Amino acid sequence: MIRFLVATSISLLLFLTFTKTNQSLLFVLVYEKFPLVARSGRIRKMVTDAKDSNISRLELCNLPGGARTFELAAKFCYGMNFEVTASNVSHLRCAAEFLEMTEDYYEVNLIERTETYLNEVVVQSLEKSVEVLSACETLLPIAEELGILNRCVNAIAVNACREQLVSGLSRLDCESGSTELKGGCLDWWVEDLSGLNIDFYHRVVSAMGRTGVRSDSIVASLMHYAQVSLKGIGKQQIRNPARTNPGAMDNTQREIVETLVSLMPTEKSSSIPLSFLFGMLRIAIMVDATLACRLELERRISFRLEMVPLDDLLIPCIQAGDSMFDVETVHRILVHFLQRIEEEENDDCGYESDGLGSPSHGSVLKVGQLVDAYLAEIAPDPYLSVQKFTAIIEILPDYARVIDDGLYRAVDIFLKAHPMLPEHERKQLCKYIDCQKLSQEASNHAAQNDRLPVHMAVRVLYYEQLRLKSTVSGSSGDGFLSQKISSGIPSAAMSPRDNYASLRRENRELKLEISRMRVRLSELEKEQVVMKQGMMEKSGNGKKFLTSISKGIGRIGIFHGPGGGKQQKSGRKSRASEGKTGRSRRYSLS
C-alpha cells in the first residue's frame, strides 16, 4: 500500500523526507494549503471533514501512479511547468480522477488537460496509443473505468487500417521490386504490439479484425508476438526433456499460446505458414494447453497436409518412458485430413471432380507417400509399440497408395529394429502389404527377406508367378477394367444416394487400378530399354562374327584354288588336335 502524509503549511512545496517501511512508501510533504485544496475535490473534502482545524497530515491511499504521479499533480496545482507525454498521461488522468480535479473546482483542471491530450494527440497516433495502452497495465481497474483502454484499442485498430490503406501503393511497388524493398514494406507496428501483455494484445488484434486490417498483417503480428513472448521454451525442452513437467509450466505461457491460437484468422485466404503452426503445436504440447487449442492447430495443419515436410511431422514426445515421437498427434491430424476429404467429396454433386486429376485424389496420394516416409522414420524407435505403428498404417484407405514399396520398407525397418517381435505380430504387420502393389525390385527383396514370415514370402512368389504369366500371355488388364465397369452399374433396387456412393467407390477403384497400370507400364518400359540395350550389345558381337566370316570367305575367293583352303584348314586342325592328321586331311579335302 502506498500512503501519502500531506502536512498542511503556508510554505511552498518542499519534500522533506522519504522512507520505506513495511512495504509502504511514506512521503512527508509540506505544501501551501490553498492550491491543492482549491483544485482537488478529494483533498478539500478531507480538510473540511477533519475534526482538527489545524490538521497537519492527510493520508492518501492507493493513489494511481504512485509518488511520481503525485509530484506531477502537485506541480500542476502550483503552476510549475512540466510536459504531458504519452508515458505519463494515463497516470496523470487516473490520478486526477482519484483526486477529483474536475472543472467544478478550477477552470481547465488536470482532468481537462489530460483529456485534451488524449483526444487530440494520443488517439491520432498509432505509436502513442500503443505506448499509453502499455502504461495502463499498472492502472487497472481505474483506467478501464475511465475508458482509456477502449479509446487506445480502437485508435490502434483504426490507425492500422488507415496505415494499410495509405501504404497500399507503396506495397504494390514493393511486390514488383527487389527483396530488400519487400522487407521494408512490412508493417512497422507489428514490433510495437509485441510489448503489450496478452490481454491487451488480444483486445487490439480482435479490434483490428473487426476494423478490416488485412489477415496477413495480423498473421505477421501473431508470429512476431509468439517469437518474442515464447522464446526459449523449445530450447529448455531439448536440453532437459526428462525433467520437463507440462503441468508445472508457467500459466502465462499457456495463456499466451491459447490466446494466439484463438486470434488466428479463420478466412481460407489467409495462409498461415506451416512451420509456425507446427511450432505452436509443439509449444502447446509442452505447456499443456487445452485440448481445444491443440485440436484447432491440428485441424489447420490437416487442411494442407499434402504440403507438410517430413521433418515437421517428427514431433518429439515429452512423456518419459514413451516412444520418441508423438504418434497420437500425427494420427489425429490424419483423422482431420480424411474427414476433410470426405466432406469435400460429399459436397460435390457431380462427377467432374472425380476425374484422374481431381485435387482430393492427388492430395490423398501425396499424403500416402508422406505417411510411408513418416513410418520409415519412426520405425527404428525401440520404444514404439506395434499398436501405434499399425494405427498409422491402417488409418489411410487403400486408394492412398498406388504401390506399397514405401510401406514395405517401413515394415521391414520396424521388424529389423524389433527382432524379438512375436510371430503373430509379424503376420499382423505384413497383412497390410499388398503383394500385388509391390514393384519388381521390392518383390525380389521380399522373396529373400528372412525377417518376413514364411507365408509373406510365399504370397510374393505366387503373385510374381502370376505377373510373369500375365506378361508372357500379353494380358493388359482389360478384363479387370471391364469387370470394374460392369460392377459399377447402379441397381434399380438401390436408392439414388446408395447408387451415387457405389459409383463413387467404383470410380475410385478404377482410378487406383489405372494408376497401378501406369506404374506397371513404366516398369515394363524400363525392362524394354534394358532388353534393347542387351540386344544391341549382342547384335554388335554378331556383326563382328559375320565380318570375320565374310573376311574368311573373301580369302577363299581370292585364292581361287583348293590348295589354299586345304592348307588353311589343315593348319587349324593340326593345332587343334595332334595325331589326327589323316582325319584332318580328309576333312580339309571335303
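Thresholds applied
Residues numbered from 1 in each chain as written. Predicted model: local features only at pLDDT ≥ 70, side-chain atom pairs only at ≥ 80, totals over all residues. Heavy atoms only, no water. Helix = DSSP H or I, 4+ residues; strand = E, 2+ residues; numbered from the N terminus. Buried < 20%, exposed > 50% of the residue type's maximum accessible area, 1.4 Å probe, protein only. Areas by Shrake-Rupley, 256 points an atom, 1.4 Å probe, with all protein chains shown as cover. Salt bridge = Lys/Arg side-chain N within 4 Å of Asp/Glu carboxyl O. Phe/Tyr/Trp six-rings, centres within 6.5 Å; stacked < 30°, edge-to-face > 60°. Lys NZ or Arg CZ within 6 Å of the ring centre and 35° of its normal. Expected span 1.5 Å × (residues − 1). Axes fitted to C-alpha atoms, helices over the stretch in contact; angles between N-to-C directions. Parallel < 35°, antiparallel > 145°, perpendicular 65-115°, else oblique. Left-handed = near helix turned anticlockwise from the far one by under 90°. Contact = heavy atoms within 4.5 Å. Nonpolar A, V, L, I, M, F, W, Y, C, P; charged D, E, K, R; others polar.

Chemist: So what exactly am I meant to see when it comes to the overall build of the protein chain here?
Modeler: Summing up its helical and strand segments, the protein chain has 29 helices and four strands in all. Scored against the burial criterion, the 590 residues of the protein chain give a buried share of 41%. For the protein chain, the exposed surface amounts to about 33,400 Å²; the carbon and sulfur share of it is 55%.

Chemist: What is the right way to look at the pattern of salt bridges in this model?
Modeler: Two side chains of opposite charge can pair, provided their charged atoms sit close to one another. Inspection of the entire model under this criterion finds 17 salt bridges. With its nearest N and O atoms 3.5 Å apart, the salt bridge here joins Arg 68 to Glu 71. Of this pair, Arg 68 and Glu 71 both sit in helix H3 (residues 66-77), three residues apart, which is roughly one turn of that helix. Here Glu 71 ties to Lys 75 by a salt bridge, and the two come within 3.7 Å at their closest N and O atoms. Residue Glu 71 and its partner Lys 75 are both found in helix H3; the two are separated by four residues, about one turn of the helix. By relative accessible area, which is 21% here, Glu 71 ends up partly exposed.

Chemist: Can you help me understand the packing of aromatic side chains in this one?
Modeler: Any pair of aromatic rings gets described here by the distance separating the centres and the angle formed by the planes. One pass over the structure, following the stated rule, counts two aromatic pairs. Look at Phe 389 and Phe 414: their rings are 4.5 Å apart centre to centre, the planes differ by 15 degrees, and that puts the pair in the stacked class. Of the two residues, Phe 389 is situated in helix H21 (residues 386-395) and Phe 414 in helix H22 (residues 405-417); the sequence distance between them amounts to 25 residues. Side by side, Phe 389 and Phe 414 carry an identical accessibility label, which is buried. Arg 39 extends its terminal NZ or CZ atom over the ring of Phe 76, reaching a point 5.2 Å from the ring centre. The cationic tip of Arg 42 hangs over the ring face of Phe 98; the distance from NZ or CZ to the ring centre is 4.0 Å.

Chemist: I'm lost on helix H15 (residues 251-262) in this one. Help?
Modeler: Structural remark: α-helix, 3.6 residues per turn; residues separated by three or four positions point the same way. The terminal C-alpha atoms of H15 lie 17 Å apart, and with twelve residues this matches the ideal 16 Å at 1.5 Å per residue to within 8%. Taken residue by residue, H15 has Gln 253, Arg 254, Ile 256, Val 257, Thr 259, Leu 260 and Val 261 as its buried positions.

Chemist: Sorry if this is basic, but what is going on with the packing of helix H6 (residues 126-135) against helix H8 (residues 148-166) here?
Modeler: How two helices pack is summed up by the angle between their axes together with the distance between the axes. Where H6 meets H8, the axes come as close as 9 Å, and the angle between the chain directions of the two elements is 150 degrees. If you check the angle between H6 and H8, you find them roughly antiparallel. Here the hand of the crossing between H6 and H8 comes out left-handed. Listed contacts from H8 to Leu 126, Ser 129, Val 130, Val 132 and Leu 133 of H6 are Ile 148, Leu 149, Cys 152, Val 153, Ala 155, Ile 156, Asn 159 and Ala 160. Class assignment for the residues of the contact of H6 with H8 results in eleven nonpolar, two polar and no charged.

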